[in-house]
Amino acid sequence: MSPYIGKIKSAIAGELVERFSKPGDLVVDPFAGAGTIPFEAALRGRRALAADISPYARILSKAKLSAPRSLGAALCLAERALEEAARLPKPDLREVPPWVRRFYHPETLREVLNLASVCRQPGNEFLMACLLGILHHQRPGFLSYPSSHLVPYLRDRKYPRHKFPEMYAYRHLKPRLLAKVKRSYKRFARPRGSAVAEFKQTAVQNLELPARFGALITSPPYMNALDYGRDNRLRLWFIDPSLVDEVDNDVTQRRQAFIDAITSLASIVERGLGRNGYCVFVVGEEFKRSFDAHPSDAVVRIMREQAPSLRLKTVMADEIPDVRRTRRECKGVKTEHFLVFQRN
Ligand SMILES: C[S@@+](CC[C@H](N)C(=O)[O-])C[C@H]1O[C@@H](n2cnc3c(N)ncnc32)[C@H](O)[C@@H]1O
């Protein structure tokens, strides 16, 4: 629906759900991101509980887990939201920070601002996700001046305005949004009726879970490698302009914060994981020398201390080929470790 740095491949998430949980289990993912693992769990008849600190994760997870029933229903929803947005007063662009204004033709920006305020109403997460998915890129189906897709920066050197004036023209929101809705339903799969899914926007340190759950499958934030706030800043601004500086936390910046987050999680698992249940971590290994231990070693050590009733069953290492990465030739995470723990 919309790019998410550090997203796990859907096929891998599906495989982990198949192998390490049973139909009917409550599958928990406390670092849900784009909601990939909870969505694959719900598709396979599990109940899914997703959580993440980021409002962008909330939008994408809810959009996937409770999308409209059919393309027709989704288009109807989009048409109604566009009509509602068109009835709103024209926004005053002087209230928009200059770093946001730089990305858009003023008329396009007015349309986007009004639709975003309609999409912020609860229940409109699917439409918000579609809008976020077309916010910035250089292709004609997107809303911004030429810019990158994953992380927002303008490509005005590669596409100078005097040589490519059409890329700086007004971009009508309605046809682009409807086309995006149609694209979202091209490979549409809907969770089965029996699957119940929930999303909690919270830091893992404050996460409260039901007394028992069947499996915990998650990919924690990459230690010291990604900055979810900075990389999603434009999308976050449209989700909630007041939050943009508060979204990231230091789990992605400081080793100790990563360790604290995994420590909270390990004690949650020790308390709540059902008999024979699995706990699976997909950990990105960064190769900077500045840390004395690898993140997966840290996870194993913390689990041993905080969750003594679980045993480490399997460790699988997966090299991430450059072609499969969202950012090629990036100097951070080169390998993922799959750590599989089971409760005795
Ligand atoms: C590697 S990503 C998860 C990607 C996800 N599996 C997917 O497929 O999109 C890690 C996530 O952890 C979240 N995160 C970072 N610090 C957190 C915290 N303290 N509590 C909860 N979530 C946090 C980030 O917002 C990010 O979405």
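Located above this text is the structure these notes cover.
Residues numbered from 1 in each chain as written. Predicted model: local features only at pLDDT ≥ 70, side-chain atom pairs only at ≥ 80, totals over all residues. Heavy atoms only, no water.

Enquirer: Would you explain the site of the ligand in this entry?
Expert: Within the structure, the ligand sits among 23 residues, and Tyr4, Ala34, Thr36, Asp52 and Ser219 are positioned closest to it. At a separation of 2.6 Å, an oxygen atom of the ligand approaches a polar side-chain atom of Tyr4. At 2.9 Å, a backbone N or O of Val204 approaches a nitrogen atom of the ligand. Protein coverage of the free-state accessible area of the ligand, which is 600 Å², stands at 99%. (Near = heavy atom within 4 Å. Polar contact = N/O pair within 3.5 Å; in protein donor to acceptor, adjacent residues only side chain to side chain. Areas by Shrake-Rupley, 256 points an atom, 1.4 Å probe, with all protein chains shown as cover.)

Enquirer: Would you mind going over the nonpolar core with me for this structure?
Expert: Considering soluble globular proteins, one finds that nonpolar side chains tend to be buried as a cluster. Of all hydrophobic cores here, the largest spans 59 residues; its most connected members are Leu115, Phe126, Leu131, Leu177, Val181 and Phe238. Breaking this core down by element, the ones donating at least two residues are helix 3 (55-65), helix 4 (71-87), helix 6 (106-119), helix 7 (125-133), helix 8 (173-184) and helix 10 (233-239). The residue makeup of this core includes at least three contributed by each of domain 1 (10-66 + 196-230 + 249-343) and domain 2 (71-184). Filtering out sequence-adjacent residues up to four positions away, Leu115 remains in contact with Ala81, Leu82, Ala85, Leu131, Leu173 and Leu177. Core analysis: the next-biggest nonpolar cluster, separate from the first, contains 29 residues, Phe213, Val300, Ala307 and Leu339 among them. (Core = buried A, V, L, I, M, F, W, Y, C linked by side-chain atoms within 4.5 Å. Buried < 20%, exposed > 50% of the residue type's maximum accessible area, 1.4 Å probe, protein only. Helix = DSSP H or I, 4+ residues; strand = E, 2+ residues; numbered from the N terminus. Domains from an automatic or database assignment. Contact = heavy atoms within 4.5 Å.)

Enquirer: Any chance you could explain the pattern of salt bridges here in plain terms?
Expert: Once the charged atoms of two side chains with opposite charge are near each other, the side chains can pair. Per the counting criterion, the structure on display carries 9 salt bridges. The closest approach of N and O atoms between Arg19 and Glu15, which form a salt bridge, is 3.4 Å. Of this pair, Arg19 and Glu15 both sit in helix 1 (residues 10-20), 4 residues apart, which is roughly one turn of the helix. Residue Glu107 pairs with Arg110 through a salt bridge whose shortest N-O separation is 2.7 Å. (Salt bridge = Lys/Arg side-chain N within 4 Å of Asp/Glu carboxyl O.)

Functional significance is not addressed by these values, which are geometric in nature.
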